[in-house]
Amino acid sequence: MQKSTLILAAIFALFHLAFVAPFVPVANILPAGLGALSMSSMAMSLILAARWRLIDRLMGGPDKSYAAHRWLGFFALAGALGHWALASSVGSGLLPLLAESGENSGTIAALGLLVMTAAAMVRAIPYHVWKLSHMLMGPIFLFAAYHTFFVASPLAVGAAPWALMAVVSVIGLIAWGQTLLRKRTPTKLVSVSEVTPFEGGVDITLASDTPLSSYRPGQFATLAHNRARAEAHPFTIAGGDEWSRRFVIRAAGDWTNSFVQNVTRGDAFRLSGGFGRFLPQIHAGRTEQLWVAGGVGITPFLAALEKMQPDGNARITLLYCIRSRASAGAIATVEKHAARLPQLALTVVNEAHGDLLIATRLAYVVREMSSDAEAYLCGPEGLKLLVETAWDTQGKTGAIHSERFDFRGAYSLADLIYIGKPVVETARTWARTKVNAVNAPLGS
Ligand SMILES: Cc1cc2nc3c(=O)[nH]c(=O)nc-3n(C[C@H](O)[C@H](O)[C@H](O)COP(=O)(O)OP(=O)(O)OC[C@H]3O[C@@H](n4cnc5c(N)ncnc54)[C@H](O)[C@@H]3O)c2cc1C
């Protein structure tokens, strides 16, 4: 988490405590503030989930919206649990008769939030099952809103925080309604015209009989089987024109495994238009750029390269990190563009040849670039951290843009072992020092 994000998160949390403070007794500031924090986090989360175009644009793209949605989910849970643990019935509520049911609905909302957040974090729960279960966030929000207004609370009806919670509840519910009504199946019927398998994935082209909507290089589209209520998956458009779209797809789970193994020429799919704000600069007036792709993260850059004409303007350095040539779908196309475009400096970092993108090597590349150069990254989180560090140490002022392929960011058992390792190591060291202290000769 970046320092600026941490500061923003702290301000957001403290705002709620400060806002309720003048309206409740001192002993109730913390529980009331945490309750308000939970409510507004849930409402904002629902607004982001509704995917209003303006909001996505303001956030810097759907992946950024999702990251914020995820953090707000944690705030909602932390606020709800804190409120649950600390709050006690004070005052009368909107209708004293309903105060007890208001209390019960708060318990249901807190437990629901806990279960839903846990489900979101467990990778073993398939994406489509989790996504379906996540729709329960709407009813959970309803329970929370009912609790806010009907529980015995020290907050006077009509006071500023009460009014804010009323507005937040209404907007949150509108957003949830919009999410329920949103059309999910992409509309355009397309069929597979080319299939080129590679190790662990497939490079495909889809053709359409009617013109497809235009897209900007770097945007993604959603793809679904051509049947009712089929699950739509996002993939970055790797190229194509008015009549076709190219995608490079890696097997990463149920849907993509089956897709990679079974897709054949002539198969019909439903395709959406282009979305997203990850847009590498390809126009003549561009700034100098560093593009870093990890594996299938090459797709946004493929589309960008396809649209670029040879010129002598600002340089683009592309670092393409691959496990091996066999697993790097479309590498031949990337090399073809590198030969065609004098403005492009391509380096393929091939792990199979013992080649890795390490900090010193990246620092060397970045040092040569102009101070206002911009970076575009698409790949694992570790790659992002590496570039951020190089950018900082080399004093670059240009922006770093990144695209996340894994919106959900859930954890598997392997991740837990990885996360738990430092904890186990610390416990072991602590135990060792205790044993040594006990065994040490007296007076030493
Ligand atoms: C903006 C964007 C662009 C992408 N571009 C590419 C690309 O060019 N090539 C490529 O191989 N992969 C790309 N991906 C990743 C691809 O969407 C997932 O690998 C795929 O959806 C996994 O589905 P699954 O059922 O096979 O795996 P699962 O095991 O079900 O899911 C693995 C992870 O993929 C994500 N995911 C799964 N289903 C969806 C969905 N319906 N909507 C959003 N996220 C989902 C979740 O984070 C999930 O945890 C992109 C993802 C995003 C968000």
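Cut-off values and rules
Residues numbered from 1 in each chain as written. Predicted model: local features only at pLDDT ≥ 70, side-chain atom pairs only at ≥ 80, totals over all residues. Pairing = 2+ DSSP bridges. Helix = DSSP H or I, 4+ residues; strand = E, 2+ residues; numbered from the N terminus. Axes fitted to C-alpha atoms, helices over the stretch in contact; angles between N-to-C directions. Contact = placed C-beta atoms within 7 Å. Buried ≥ 20, exposed ≤ 12 C-beta atoms within 10 Å, placed from the backbone. Core = buried A, V, L, I, M, F, W, Y, C linked by C-beta atoms within 7 Å. Left-handed = near helix turned anticlockwise from the far one by under 90°. Nonpolar A, V, L, I, M, F, W, Y, C, P; charged D, E, K, R; others polar. pLDDT = per-residue confidence, 0-100.

Undergrad: Would you mind going over the sheet that holds strand β8 (residues 316–322) with me for this structure?
TA: Paired through backbone hydrogen bonds, the strands of a sheet run either parallel or antiparallel to each other. Strand order in the open sheet made by the 5 strands is β9-β8-β7-β10-β11, with parallel pairing throughout. Edge strands, defined here as strands with exactly one partner in the open sheet, are β9 (344–350) and β11 (400–403). In this sheet, neighbouring strand axes are inclined to one another by 15° on average, regardless of whether the strands run parallel or antiparallel. Taken together, the 7 bridges between β8 and β9 define a ladder with parallel strand orientation. Its bridge partner lying in β9, Tyr320 is registered against Val348. Sheet contacts for helix α13 (residues 381–393): β7 (289–294), β8, β10 (374–378) and β11; angle to β10, the most-contacted strand, approximately 165°.

Undergrad: Which parts of the structure should I look at to understand the pairing of strand β5 (residues 244–250)?
TA: Sheet faces and side chains relate simply in a regular strand, where the side chains alternate between the two faces. For β5, the tally of buried residues reaches 6 of 7 residues, placing the bulk of the element in the interior. Judged from the 7 bridges that link them, strand β2 (residues 201–207) and β5 form a sheet pairing that is antiparallel. Along β5, the bridge assignment pairs Gly201 with Arg250.

Undergrad: Just checking my understanding: could you explain the nonpolar core for this structure?
TA: What tends to happen in soluble globular proteins is that the nonpolar side chains get buried as a cluster. Core analysis: the biggest nonpolar cluster contains 54 residues, and Val292 and Val387 have the highest contact counts within it. If you tally residues by element for this core, the top one is β8, at 6 residues. Counting residues in each nonpolar core, the second largest holds 35 residues, with Leu48, Ala80, Ile140 and Met165 among its members.

Undergrad: Just checking my understanding: could you explain the sheet that holds strand β3 (residues 220–225) for this structure?
TA: The sheet built from 6 strands is open, its strands ordered β4-β3-β6-β1-β2-β5 with antiparallel pairing. Looking at the sheet topology across the chains shown, the edges are occupied by β4 (233–236) and β5. Across the sheet, the mean angle separating the axes of adjacent strands is 40° when strand polarity is ignored. In the sheet, strand β1 (residues 188–198) pairs with β2 via 7 bridges, with the strands oriented antiparallel. Within β2, the position partnered with Ser191 by the bridge is Ala207. Its contacts with the sheet place helix α9 (residues 254–262) against β2, β4 and β5, and it is angled at close to 115° to β5.

Undergrad: Sorry if this is basic, but what is going on with the packing of helix α4 (residues 62–86) against helix α5 (residues 99–121) here?
TA: Any two packed helices are characterised by the angle at which their axes cross and by the distance between the axes. The N-to-C vectors of α4 and α5 enclose an angle of 145°; their axes lie 9 Å apart at closest approach. Crossing geometry of α4 relative to α5 is assigned as left-handed. Residue-level contacts link Gly73, Ala76, Leu77, Ala80, Leu81 and Trp84 of α4 to Ala109, Ala110, Leu113, Leu114, Thr117 and Ala120 of α5. Looking at the contact of α4 with α5 residue by residue, the classes come out as 10 nonpolar, 2 polar and no charged.

Undergrad: How should the confidence of the model for the protein chain be read in this particular structure?
TA: Do not read the predicted coordinates in detail wherever pLDDT is low. Chain-level statistics for the protein chain give a pLDDT mean of 89 and a share of 91% at 70 or above. Per-element averaging of pLDDT across the protein chain places helix α14 (residues 413–439) at the bottom with 62 and β2 at the top with 98.

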